[in-house]
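Commentary on secondary and tertiary structure
As a plain string of letters, each chain reads:
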Amino acid sequence: MKVIVKFLATFYDIAKTLRTEIEVPDDATISDLLKTIDEKINPSISKTLLDGDKVRDGYNILVNGRAIEFKKGLQTELSDGDEVVLLPPIGGG
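Residues numbered from 1 in each chain as written. Predicted model: local features only at pLDDT ≥ 70, side-chain atom pairs only at ≥ 80, totals over all residues. Heavy atoms only, no water.

**Observations concerning the overall build of the protein**
A tally of helices and strands in the protein yields 3 helices and 7 strands. When its helices and strands are written in sequence order, the protein yields β-α-β-α-α-β-β-β-β-β. Its C-alpha radius of gyration of 12 Å places the protein within 12% of the 12 Å reference for a compact globule of 93 residues. The principal-axis extent of the C-alpha atoms belonging to the protein is close to 40 × 30 × 25 Å. Counting every position in the protein, which comprises 93 residues, the buried fraction comes to 43%. In the form shown here, the protein has an accessible surface area of approximately 5,400 Å², with 47% of it arising from carbon and sulfur atoms. (Helix = DSSP H or I, 4+ residues; strand = E, 2+ residues; numbered from the N terminus. Rg over C-alpha atoms; globule rule 2.2 N^0.38 Å. Buried < 20%, exposed > 50% of the residue type's maximum accessible area, 1.4 Å probe, protein only. Areas by Shrake-Rupley, 256 points an atom, 1.4 Å probe, with all protein chains shown as cover.)

In structure tokens, the structure reads:
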């Protein structure tokens, strides 16, 4: 199946693309997707995003507009056509 991944802010700088379509197995989770991104795009993405087996504080992953922390975290299952957005911490003043 294919999922769309959007890389915003810092992740855009690392991935060198704003949006890409990635092929993953039918039973893939967010964790599986990140491994595929590491292999196909840049391993620095998961190093920046993850702290061990969890998303770093302030960072966020959205699946179809909903944060994975309200689903099953990194074990959130993906479906064909899902849109995954990787977001760094947002600050302002």
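More follows now that the structure is in view.
**Regarding the environment of Asp 27**
When you line up the elements, Asp 27 lands in the loop between strand S2 (19-23) and helix H2 (30-40). Residue classification places Asp 27 among the exposed positions, given a relative accessible area of 61%.

**A look at the sheet that holds strand S1 (residues 2-7)**
With mixed pairing, 5 strands are arranged side by side in an open sheet as S2-S1-S7-S5-S6. Both outer strands of the open sheet, S2 and strand S6 (66-67), are each paired with one neighbouring strand and no more. As defined by bridge partners, strand S5 (residues 60-63) adjoins strand S7 (residues 83-87) across 4 bridges and the pair is classed as antiparallel. Pairing of Leu 62 across the sheet is with Val 85, part of S7. (Pairing = 2+ DSSP bridges.)

**Quick word on the side chain of Thr 48**
Tracing the chain through its elements places Thr 48 in helix H3 (residues 44-49). Among the polar contacts made by the side chain of Thr 48, one reaches the main-chain carbonyl oxygen of Ser 44 at a distance of 2.7 Å. Apart from residues lying up to four places away in sequence, Thr 48 is in contact with Phe 11, Ile 14, Arg 56 and Tyr 59. (Polar contact = N/O pair within 3.5 Å; in protein donor to acceptor, adjacent residues only side chain to side chain. Contact = heavy atoms within 4.5 Å.)

**Description of the nonpolar core**
The biggest cluster of nonpolar side chains holds 25 residues, and the ones touching the most others in it are Ile 30, Leu 33, Ile 37, Ile 61 and Leu 86. Of all elements in the fold, only S1, helix H1 (10-15), H2, H3, S5 and S7 reach the threshold of two or more residues within this core. Among the elements that take part in this core, H2 stands out by supplying 4 residues, more than any other. Discounting chain neighbours no more than four positions away, the residues touching Leu 86 are Val 5, Lys 6, Phe 7, Leu 8, Phe 11, Ile 37, Ile 45, Leu 49, Asn 60 and Ile 61. (Core = buried A, V, L, I, M, F, W, Y, C linked by side-chain atoms within 4.5 Å.)

**Points about the pattern of salt bridges**
This model, assessed by the stated rule, comprises 3 salt bridges. When the shortest N-O distance is used, the salt bridge between Lys 2 and Glu 21 registers 3.7 Å. In this pair, Lys 2 is assigned in strand S1 and Glu 21 in strand S2, connecting sequence segments 19 residues apart. On the accessibility criterion, Lys 2 (41% relative accessible area) is partly exposed. (Salt bridge = Lys/Arg side-chain N within 4 Å of Asp/Glu carboxyl O.)

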